[in-house]
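Observations on the model geometry
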Amino acid sequence: QVQLVEAGGGLVQAGGSLRLSCAASGGTFKTYAMGWFRQAPGKEREFVAAIKWSVGSTYYADSVKGRFTISRDNAKNTVYLQMNSLKPEDTAVYYCATNPSLWSPLSVPSSYDRWGQGTQVTVSS
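Keep in mind the model is a prediction, meaning the values are calculated, not measured. Residue indices follow the written sequence of each chain, beginning from 1 at its first position. For this predicted model, a pLDDT threshold of at least 70 governs which residues receive local features, and a threshold of 80 or more governs which side-chain atom pairs are given and counted, while totals over whole chains, interfaces and linings are taken from all residues. By convention in this description, side-chain values take in all heavy atoms of the structure and omit both hydrogens and water.

A word on the pattern of salt bridges
- The rule for a salt bridge is simple: a side-chain nitrogen of Lys or Arg has to be within 4 Å of a carboxyl oxygen of Asp or Glu. Tallying each qualifying case throughout the model produces four salt bridges.
- A salt bridge links Lys-65 to Asp-62; the shortest N-O distance between them is 3.2 Å.
- Here the residues in one salt-bridge network are Arg-38, Glu-46, Arg-67 and Asp-90, joined through shared partners.

Have a look at this one:
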């Protein structure tokens, strides 16, 4: 069964950068898209970015557009999230997930069927 494992979180000062990775392993990996979401304490899980796996089209939340970049390495079954110009409000647990259907909205958590365990990103002011 496919599992998603995130890495790359940590503590960084405002204005700094981090690169998250999410590797799929443990089985035959097929997905329509992969996404990154985040959840801060006391808040709902929110969409950050998504990428269509075959064509590489990318989508971003307005709050991260121009600062974050999602990419993928098909050969490694890995998706990345490069985060630049980080702000304290970016502090959250970041999750990657797979979206199996082209009919499901990319920005909605319920569209995703597999989730990683999450990685903490903390941005200090």
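Structural notes on the state of the cysteines
- Defined by distance alone, a disulfide is two cysteine sulfur atoms within 2.5 Å. On inspection of all chains with the given rule, the structure shows one disulfide.
- Across the disulfide, Cys-22 is cross-linked to Cys-96 (sulfur-sulfur distance 1.9 Å). With the S-S bond torsion at 60 degrees, the cross-link from Cys-22 to Cys-96 turns out right-handed. One end of the pair, Cys-22, is in strand 3 (residues 18-25); the other, Cys-96, is in strand 9 (residues 92-99), with 74 residues separating them in the sequence. Counting from the N terminus, the helices are DSSP H or I runs at least four residues long and the strands are E runs at least two residues long.

Overview of the packing of aromatic side chains
- The aromatic pairing rule takes the rings of Phe, Tyr and Trp, using the six-membered ring of Trp, and pairs them if the centres are within 6.5 Å, calling planes under 30 degrees apart stacked, those over 60 edge-to-face and the rest tilted. In total, this model carries six aromatic pairs according to the counting rule given.
- For the pair Tyr-95 and Trp-115, a centre-to-centre distance of 6.4 Å together with 80 degrees between the ring planes defines the contact as edge-to-face. Here Trp-115 lies in strand 10 (residues 114-115) and Tyr-95 lies in strand 9, a separation of 20 residues in the sequence.
- Working definition: with a 1.4 Å probe on protein chains only, accessible area under 20% of the residue-type maximum means buried, over 50% means exposed, and in between means partly exposed. Residue class for Tyr-95 comes out buried when judged on its relative accessible area of 14%.
- These aromatic residues form a ring-pair network of at least three members: Phe-37, Phe-47, Tyr-95, Tyr-112 and Trp-115.

Quick look at the environment of Gly-15
- Mapped onto the fold, Gly-15 is located in the loop between strand 2 (10-13) and strand 3.
- Owing to a relative accessible area of 54%, Gly-15 belongs among the exposed residues under this scheme.
- Taking the C-alpha atoms as reference points, Gly-15 and Val-123, separated by 108 residues in sequence, lie 8.7 Å from one another.
- Not counting residues within four places of it along the chain, the set of residues in contact with Gly-15 comprises Ser-85 and Leu-86. Throughout, a contact is declared for two residues whenever any of their heavy atoms are within 4.5 Å.

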